[in-house]
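Residue-level structural notes
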Amino acid sequence: MVLVLAIGDLHIPHRAADLPAKFKSMLVPGKIQHIICTGNLCIKEVHDYLKSLCPSLHITRGEYDEDSRYPETKTITIGQFKLGLCHGHQVVPWGDLDSLAMLQRQLDVDILVSGHTHQFKAYKHEAGVVINPGSATGAYSSITYDVNPSFVLMDIDGLRVVVYVYELIDGEVKVDKIDFKKTSTPAI
Amino acid sequence: MVKKKRVPDWLNSPMWSSPSSPPWKSQSLSPPPSDHRTGGYPSKSSSVTSSDSSVTEQRFLLPPAALIRPEPTLKSEIRVSSNRIGSSDNDSSVEDVSRQAQLLQELSKKIINLGELRQLASLGIPDAAGIRSTTWKLLLGYLPVDKRIWSAELSKKRSQYKHFKEDLLTNPSEITRKLEDSASPKNGDQIIMGRGLLARSKIPNGEHPLSLGNTSIWNQYFQDSEIIEQIDRDVKRTHPDIQFFSGDSAFAEANRDSLKNILIIFAKLNPGIRYVQGMNEILAPLFYVFKSDPNEDYAVNAEADTFFCFVELLSDFRDNFCQQLDNSIVGIRSTISRLSQLLKQHDEELWRHLEVTTKVNPQFYAFRWITLLLTQEFNFTDILHIWDMLLSNPVGPRETLLQVCCAMLILVRRRLLAGDFTANLKLLQSYPSTNVSHLLYVANKLNSQSTH
């Protein structure tokens, strides 16, 4: 039972001051084993805050990030799953699922986590699953209207993943879940 | 003339010098060792208490002169006599074998006489043939006295334990998965061939991993994880010198896991006291004895059996672990003061020296003795012998424990009387190794006297 937090596009301090209070109260240290962050934090203080929630922190570079040392893409193996991470501004057209699928095949991962569109999406195609955790602060985006703050928590348990989606709609936290299983890879 | 309180008569009595009974024994205060098996401790010791010193004076004169020794050398006599007891090994091993035979005979009856068993066990249970394991289970009330219903009882208890494990040791992920699998029967596993947005579904009862609600299984899981960590740390530190518990072998790992499971389930079932450091020490000898049972069936199910016996044993002592009860009449402070009273009753000189003169507050040493049932003061085999006596004595383990502690103090009285605060404290906090059968014998004597 591994809990992985997928979060990103906070745009602190440029477009938002801080995470919504209700999200902050839920994110306490000690519960989460890994954090994967799509990028656009943008400053070191946010990095330190995320690090305090969990020492295992993986970040990829977004176009507004002030720390230029973050990589463009990253792959992590957690349990039976390979996760890929990329901010998403590199994949054109932005938010296009076919292009993201291409990136996923390139990285050869089961789950691709990418952001930039500030809109939550969970999409399945032949090569795997693409998850966009949206923007945790609900920061303005030029390509999405009515951005709701959201993030994703994945519970990886063997070959099964339960994806909990946390969204702040009208001041209330709404949680949904998505279940999926990985079919064991056939021997080649 | 200041009448110094004399050392109680029985400390001077002749049976310490040899196992055989001298002829003038009838006048002295207690029967020789060989009479133990007839059960019952004598009522003649009524004269030896804080009363009439003149009477005791007379009794001193009655035994032959050879045995009257002046007080200062009392301790040396004790040492000499204990050596002699130790050297009469041939006699005691013969006694051992016969005791073993008697125990086996008692255990093989269809309906076991618990009183008989208690008496036999109080002399010490031999290590062979799983006798101790079965005897302890009977003494703790886990196995009923009627042998015919043993298998029914055992399977009932063991399946109960299995349910506890399933309910309490699974993590929330598995719980939610089981709930779903039972709720919606095998709805085809999301193998949507091709592409599509993944369907979002509602979460049951607002249960999600970051939930802060008190009833949320996730929240409870994270709160429990603190206790689980502490249990883990303590179990790793239990008896590091014994192969059974420590080391990297798979056997030791499995034993540690069993200890952990028992403690976690106990903590979850008893939210009042949860887990307190020290419970692992009380659990360890129980589990060791049950797991080392040569009977395969018992050894395999040792975890379940140990759990129930642990609960039973702790029910007598749980008040020691509850911090709120510390100052109450059932709490640890009152128990320690009872020990102090017991010492005063049996050996006022020592009591005065310890508490008044050198100001060694019994809390400094007795706390660990009492709450951990003496598991930290002796080596492992000795602990098992002491527990034989604790569990078999009909007055109950709490009272017997106090008697054993009192006996421990009296046995080192010469060193204590000669020592100051630091020396005494050091001595009592790392109690020197002694002949445990001797210690238990002395404790038994205290038992016979304090009941009058």
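Relevant structure appears above.
Residues numbered from 1 in each chain as written. Chains lettered and ligands numbered in written order. Predicted model: local features only at pLDDT ≥ 70, side-chain atom pairs only at ≥ 80, totals over all residues. Heavy atoms only, no water.

In this section: the packing of aromatic side chains. Overall, the coordinates contain 19 aromatic pairs over all chains when judged by the stated rule. Both rings, one in Phe151(A) and one in Tyr166(A), keep their centres 4.9 Å apart while their planes meet at 10°; by these two values the pair is stacked. Taken together, the residues span a long stretch of sequence, with Phe151(A) in strand S9 (residues 150-157) and Tyr166(A) in strand S10 (residues 160-169) at a distance of 15 residues. Like Phe151(A), the residue Tyr166(A) is buried in the burial classification. In this structure an aromatic cluster arises from ring pairing among Phe244(B), Phe245(B), Phe251(B), Phe287(B), Tyr288(B) and Phe380(B). For Lys182(A), the ring lying beneath its charged end belongs to Phe81(A), and the centroid distance is 5.5 Å. Against the face of Phe308(B) rests Lys157(B), its NZ or CZ located 5.5 Å from the ring centre. (Phe/Tyr/Trp six-rings, centres within 6.5 Å; stacked < 30°, edge-to-face > 60°. Helix = DSSP H or I, 4+ residues; strand = E, 2+ residues; numbered from the N terminus. Buried < 20%, exposed > 50% of the residue type's maximum accessible area, 1.4 Å probe, protein only. Lys NZ or Arg CZ within 6 Å of the ring centre and 35° of its normal.)

Here we come to the interface of chain A and chain B. Each partner contributes residues to the interface: chain A has 35 residues there, and chain B has 31 residues. Between chain A and chain B, the buried area comes to about 3,000 Å², and carbon and sulfur atoms account for 58% of it. In this structure, the connection of chain A to chain B is made through zero salt bridges. Scanning the region where chain A abuts chain B turns up two residue pairs in polar contact (both at pLDDT 80 or more). Secondary structure elements with two or more residues in the side of chain A that touches chain B: helix H1 (21-26), helix H3 (97-107), strand S7 (121-125), S9, S10 and strand S11 (172-181) of chain A. Examining the composition of the side of chain A that touches chain B, we find that seven residues originate from one element, S11(A), more than from any other. Class assignment of the residues belonging to the side of chain A that touches chain B gives a composition of 18 nonpolar, four polar and 13 charged. (Contact = heavy atoms within 4.5 Å. Buried area = accessible area lost by both parts, 1.4 Å probe. Salt bridge = Lys/Arg side-chain N within 4 Å of Asp/Glu carboxyl O. Polar contact = N/O pair within 3.5 Å; in protein donor to acceptor, adjacent residues only side chain to side chain. Nonpolar A, V, L, I, M, F, W, Y, C, P; charged D, E, K, R; others polar.)

Here we come to the sheet that holds S11(A). Sheet architecture is open: seven strands sit in the order S3(A)-S2(A)-S1(A)-S9(A)-S10(A)-S11(A)-S2(B), paired in mixed fashion. The open sheet has two free edges, formed respectively by strand S3 (57-59) of chain A together with strand S2 (201-202) of chain B, since each of these has just one partner strand. As judged from the five bridges shared by strand S1 (residues 2-7) of chain A and S9(A), these two strands associate in the antiparallel manner. Its bridge partner being in S9(A), Leu3(A) is matched across the sheet by Asp155(A). (Pairing = 2+ DSSP bridges.)

Taken together, the side chains of Val92(A), Trp94(A) and Ile143(A) present a nonpolar region at the surface, about 310 Å² in accessible area. With respect to the helices, strands and loops of the structure, Ile143(A) is situated in the loop between strand S8 (128-132) and S9. (Patch = residues over 30% accessible without salt bridge, like charges linked within 9 Å, V, L, I, M, F, W, Y side chains within 5 Å. Areas by Shrake-Rupley, 256 points an atom, 1.4 Å probe, with all protein chains shown as cover.)

A few words now on the pattern of salt bridges. One side chain can pair with another of opposite charge once the charged atoms of both are near each other. Residue and element names in this part refer to chain B. Per the counting criterion, the structure on display carries 28 salt bridges over all chains. Close ionic contact of aspartate 305 with lysine 137 constitutes a salt bridge, the shortest N to O distance being 3.5 Å. Here the residue aspartate 305 occupies a position in helix H13 (residues 302-321), and lysine 137 occupies one in helix H6 (residues 131-139), the gap between them amounting to 168 residues. We note that aspartate 305, like lysine 137, is buried. We note a salt bridge from arginine 256 to glutamate 253, for which the minimum N-O separation is 3.2 Å. Separated by three residues within a single helix, arginine 256 and glutamate 253 lie in helix H10 (residues 250-269), roughly one turn from each other.

With that out of the way, let us pick up the side chain of Ser56(A). Residues and elements named next belong to chain A. Residue position: serine 56 is located in the loop between helix H2 (44-53) and S3. A polar side-chain atom of serine 56 sits 2.8 Å from a polar atom in the side chain of histidine 34. Ignoring sequence-local partners within four residues, the contact set of serine 56 consists of Gln33, His34 and Ile35.

A word on helix H14 (residues 332-346) of chain B. Owing to its 3.6 residues per turn, the α-helix brings residues three or four apart onto one side. Between its terminal C-alpha atoms H14(B) stretches 21 Å, which fits the 21 Å expected from 15 residues at 1.5 Å a residue. When we look at burial in H14(B), the residues that qualify are Ile332(B), Ser334(B), Thr335(B), Ile336(B), Leu339(B), Ser340(B), Leu342(B), Leu343(B) and His346(B). (Expected span 1.5 Å × (residues − 1).)

Bringing the state of the cysteines into the picture now. Residues and elements named next belong to chain B. All chains considered together, the criterion is met by zero disulfides over all chains. Of all cysteine sulfurs in the structure, the one in cysteine 406 sits closest to cysteine 405, which takes part in no disulfide; the separation is 8.5 Å. By relative accessible area, cysteine 405 is classed as buried at 0%. (Disulfide = S-S within 2.5 Å.)

With that settled, the discussion passes to the nonpolar core. The biggest cluster of nonpolar side chains holds 99 residues, and the ones touching the most others in it are Phe310(B) and Val404(B). Excluding residues that lie within four positions of it along the chain, Phe310(B) makes contacts with Ile262(B), Leu263(B), Phe266(B), Met279(B), Ile282(B), Leu283(B) and Leu286(B). Counting 33 residues, the second-largest nonpolar core is a separate cluster that includes Leu50(A), Leu53(A), Cys54(A) and Val175(A). (Core = buried A, V, L, I, M, F, W, Y, C linked by side-chain atoms within 4.5 Å.)

To continue, consider the side chain of Thr371(B). Residue and element names in this part refer to chain B. Of note, threonine 371 is situated in helix H16 (residues 363-371). A distance of 2.7 Å separates the side chain of threonine 371 from the backbone oxygen of phenylalanine 367, its partner in a polar contact. If we ignore the near neighbours within four places in the chain, the residues touching threonine 371 are Ile282, Asn320, Phe321 and Ile332.

A few words on H6(B). Residues and elements named next belong to chain B. Within H6, nine of the nine residues are buried, which leaves the element mostly enclosed by the surrounding structure. The complete set of buried residues in H6 reads Ile131, Arg132, Ser133, Thr134, Thr135, Trp136, Lys137, Leu138 and Leu139. Just downstream of H6 lies glycine 141, where phi reads positive at about 80°.

A word on the pairing of strand S2 (residues 34-37) of chain A. Residue and element names in this part refer to chain A. Alignment of S1 against S2, held across four bridges, turns out to be parallel. Residue pairing for S2: alanine 6 is matched across the bridge by isoleucine 36. Chirality of the crossover, the property in question, places the unit of S1, H1 and S2 among those that are right-handed. Summarising the sheet, S2 and S3 pair through three bridges and their orientation is parallel. (Right-handed = clockwise from strand over helix to strand, strands pointing away.)

For the bond running from Ile12(A) to Pro13(A), omega is 10°, close enough to zero to count as cis. The residue Pro13(A) is located in the loop between S1 and H1 in this model. Phi is positive for His116(A), which is not a glycine, with a value near 80°. Summarising the element assignment, His116(A) is placed in the loop between strand S6 (111-114) and S7. Residue classification places His116(A) among the buried positions, given a relative accessible area of 8%. A positive phi angle, near 55°, is found at Lys359(B), a position not held by glycine. Secondary-structure assignment places Lys359(B) in the loop between helix H15 (348-357) and H16.

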